[in-house]
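Observations on the three-dimensional arrangement
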Amino acid sequence: MNTLSNPDRRGRRHGGSGLLVTLSVVVAFFIDLAPLPASLDLIRPDLTLLVLLFWSTRTYSPANVGTSWFAGLFKDIAMLTPLGLHAGVYCLGSWGGLMLRRRLEQLPLATEMVLVFVLLVLTFALQWSVGHLIDDRPLVEAELLSPLLGTLLWPLVRVLLAPLEQRLLPSSASD
Amino acid sequence: MQPVADRDVELFRRGISPTSKCLIGLSVACALVALDGRRQWTETARAELQRGLAPIQQLVALPWRSGEQSLQYLTLQQDLLRRVDQLEAENDRLRIEARNIDLLQQENSVLRQLQDLPTEGLALRRAVQLVQRGRDGASQRFLINAGSLEGLRPGLALVAPDGVVGQVIAVDAHSAQVALLSDQGQATPVQIARNSLRAVLVGEGLPNRASLRFLANNADVKPGDQLLTSGLDGVYPPGMPVATVLTVERDSQSDFAIVACRPSAATETRRHFVVVEPSAPAPPMGRHREYSEQP
């Protein structure tokens, strides 16, 4: 994806670590594609967005807004949503993460989760609003649980991706 | 102050800012959303990209679908096993019902035969049912489900369509004890159907075993002879089948022949009988043939 074809200078500095970041996004993307019963599908948190948020809030991550945009575009294709819907939402979410990057790294986990929740609610609201404007999509109450479940998954995402993050640090890269 | 050339190089190295990237991305996304479905090329592009992603989607869905199918298979198997259990239970129930119907039909047939017994010359006639057989191996006795309150008393005869069964020897209020023809010491006056030769049939105390006593060594009796009630004792109606001669032993040292017989009534398989009492005077001997013609 964009990370590989157009790596930023941090990604280039840490060699093949960008591949691991891309791989984590791809795995999250595949998990999102996995079929679930309709009732569970409504409340399924957007794991791809969570992973993209994680990487956009990490200082030494090569992931950027472009990565998120392309990931969103692939999601639009795979999930048959209007082209550009997920691309725009992921792009905006990733930008939000970048803006919070410095602050998040100094905040405790609970506060970080609150900020992640706000970001997820905003992206959900944007996604639903655009969908509603395009094809008059109704709001199902159960869908509102999705940002909450995503927030609850945030610590798990952090734990799972922390080893990859360690490999992006300059000290470990120079070893 | 930094030279202009250096500033340009620095700006080039930093690239576009995240905010600018976001704005560009959002603009392109909005354009795509607006164009999606309205232009042929977006449809074509989406279809091509979708075709490329389809194998990956199928691959991703494979574990979930396999799990779902395995779960369905297990559920189906459990359902089938449960269904088999239900059907087996239902089958057992139906077999029992069918057996009961067979028994009822047999019982009905026996009752019809009992109903068809000749009534002439009988003062008391009551259908009874076997309650219990004698527990003692040597005892050839029955307990029936009618007693003194139903009009039974000792000395009455118990008969079946295929012949004489025995004699009531004791009664309670609602039950009575019957000694079969084969009960030890049970004596029944009979006559041979073929030649009207009279004799006494005595029980041997063994199932379906009796013998003719006090029959002369040279008496005209042979295996296969049918024995009928003579009616002389006033207990049994005359002319009813009693037994069949099995063997005849003639010992020159003895005055009497040893004649082994088998009672005609199938007491081991039958449950329904009739208690009868011949009315006085006893009917003529000519009725023997009528009884012997019963199936």
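Residues numbered from 1 in each chain as written. Chains lettered and ligands numbered in written order. Predicted model: local features only at pLDDT ≥ 70, side-chain atom pairs only at ≥ 80, totals over all residues. Heavy atoms only, no water.

When pLDDT is averaged along chain A, the result is 80, and 86% of the positions lie at 70 or above. Here residues 1–14 of chain A is modelled with pLDDT under 50, and outside its nearest four sequence neighbours on either side it reaches 34 contacts, counting other chains as well. (pLDDT = per-residue confidence, 0-100. Contact = heavy atoms within 4.5 Å.)

Before going further, it helps to spend a moment on the interface of chain A and chain B. Facing the 29 residues of chain A at the interface are 23 residues of chain B. Approximately 2200 Å² of surface area, both sides summed, lies buried where chain A meets chain B, with 76% of it carried by carbon and sulfur atoms. It is P35, I77 and L83 of chain A that lose the most area in chain A upon contact with chain B, and together they represent 27% of the buried surface on that side. The tally of links from chain A across to chain B stands at zero salt bridges. Counting across the chain A and chain B interface gives six residue pairs in polar contact (both at pLDDT 80 or more). Top contributing element to the side of chain A that touches chain B by residue count: helix 7 (residues 85–104) of chain A, with eight residues. Of the residues assigned to the side of chain A that touches chain B, the class counts are 23 nonpolar, four polar and two charged. (Buried area = accessible area lost by both parts, 1.4 Å probe. Salt bridge = Lys/Arg side-chain N within 4 Å of Asp/Glu carboxyl O. Polar contact = N/O pair within 3.5 Å; in protein donor to acceptor, adjacent residues only side chain to side chain. Helix = DSSP H or I, 4+ residues; strand = E, 2+ residues; numbered from the N terminus. Nonpolar A, V, L, I, M, F, W, Y, C, P; charged D, E, K, R; others polar.)

Here we take up the packing of helix 5 (residues 47–56) of chain A against helix 7 of chain A. Residue and element names in this part refer to chain A. Helix 7 packs onto helix 5 with a crossing angle of 30 degrees between their chain directions and a minimal axis gap of 8 Å. In terms of orientation, helix 5 and helix 7 fall into the roughly parallel class. Here helix 5 runs over helix 7; the crossing is right-handed. Across from T48, L49, L52, L53, W55 and S56 in helix 5, the residues of helix 7 making contact are Y90, G93, S94, G97, L98 and R101. (Axes fitted to C-alpha atoms, helices over the stretch in contact; angles between N-to-C directions. Parallel < 35°, antiparallel > 145°, perpendicular 65-115°, else oblique. Left-handed = near helix turned anticlockwise from the far one by under 90°.)

On to the sheet that holds strand 7 (residues 198–203) of chain B, then. Residues and elements named next belong to chain B. Here we have six strands rolled up into a closed barrel, ordered 6-7-8-11-10-9, and antiparallel in their pairing. Neighbour-to-neighbour, the strand axes of the sheet open up by a mean angle of 45 degrees, direction not taken into account. Both strand 7 and strand 8 (residues 210–213) contribute to a ladder of four bridges, which runs antiparallel. When the sheet's bridge partners are listed, V202 is paired in strand 8 with S211. (Pairing = 2+ DSSP bridges.)

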